[in-house]
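# Topology and contacts: notes
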Amino acid sequence: MSEAMDNIKKWAEDMKEYEPVLWNMLPQIYLYMDQVITYMEGHLKPFEAEDGTKLLTSSMINNYVKDNVLPRPEQKKYSPEHLAILTVICMLKPVLSIPNISYLVNQQMHRFNKGRLYNMFCKTQASALKEVAQRVEQMSERSENEMIRLAVELSMEANARRIAAEKIVNELSSHQEDKKKDDKDTKSP
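The rules behind each value
Residues numbered from 1 in each chain as written. Predicted model: local features only at pLDDT ≥ 70, side-chain atom pairs only at ≥ 80, totals over all residues. Heavy atoms only, no water. Core = buried A, V, L, I, M, F, W, Y, C linked by side-chain atoms within 4.5 Å. Buried < 20%, exposed > 50% of the residue type's maximum accessible area, 1.4 Å probe, protein only. Helix = DSSP H or I, 4+ residues; strand = E, 2+ residues; numbered from the N terminus. Contact = heavy atoms within 4.5 Å. Salt bridge = Lys/Arg side-chain N within 4 Å of Asp/Glu carboxyl O. Expected span 1.5 Å × (residues − 1). Arc of directions from axis to C-beta.

### Structural notes on the nonpolar core
Within the largest apolar cluster, 43 residues are counted, with the highest numbers of intra-cluster contacts made by Val36, Leu56, Ile61, Leu70 and Leu86. It is helix α6 (residues 114-139) that provides the largest number of residues to this core, a total of nine residues. When neighbours within four sequence positions are excluded, Leu86 is seen to be in contact with Val36, Met40, Leu56, Ile61, Tyr64 and Leu70.

Structure, rendered in structure tokens:
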């Protein structure tokens, strides 16, 4: 087996063992920006891009606050809620636009208990990773050509799911905006 196939198999094994940081395991103290960055780098290490691109920077956090995707910190300190939302943003931003992520986060935050919602997100993410890792691991016993075929399949599935998620969010947010506009027009004299 080649070194590449060994590395792929090792990644799959690691992902099958991945356990997300659930709500009750998030730091229960408020953190300053540099502490948030350090914590999130460790927390998101399994999801780092191969090219070393950062998933999160202080500029990104400031922009998320400016764009109302993330609540303002309290006296420059970030709560467990901030860490949970940042985790969701970092997991979803390769798939959805920041406005669509903002819509999803805001819709869910108003409807569910924050801890329960975050845990549900983490469990869904872990389950998806385990399912993909299992497929990769099974294929790693075969040829490199089979692994290339799997990479194409996974890419196409990811694209199809991205398109569906984007369509759902765009339609629902558009419908909600139309409804707000209609309500405003109805109330106007």
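Having seen the model, we can carry on.
### Observations regarding the pattern of salt bridges
Here the structure, examined in full by the defined rule, presents 13 salt bridges. We note a salt bridge from Lys10 to Asp14, for which the minimum N-O separation is 2.8 Å. Of the two residues, Lys10 and Asp14 are both situated in helix α1 (residues 3-17); the distance of four residues between them amounts to about one turn of the helix. In this structure Asp14 comes out as partly exposed when scored by relative accessible area, which is 37%.

### As for helix α5 (residues 98-111)
Between its terminal C-alpha atoms α5 stretches 20 Å, which fits the 20 Å expected from 14 residues at 1.5 Å a residue. Turning to α5, its buried residues number three or more, namely Asn100, Ile101, Ser102, Tyr103, Val105, Gln107 and Met109.

### Here's the deal with helix α3 (residues 58-66)
Taken residue by residue, α3 has Ile61, Tyr64 and Val65 as its buried positions. Relative to the axis of α3, the buried residues are bounded by an arc of 100° and lie together on one face. Buried-residue contacts for α3 involve α2 (33-43), α4 (80-92) and α5. Backbone geometry just after α3 places Asn68 at a positive phi near 60°.

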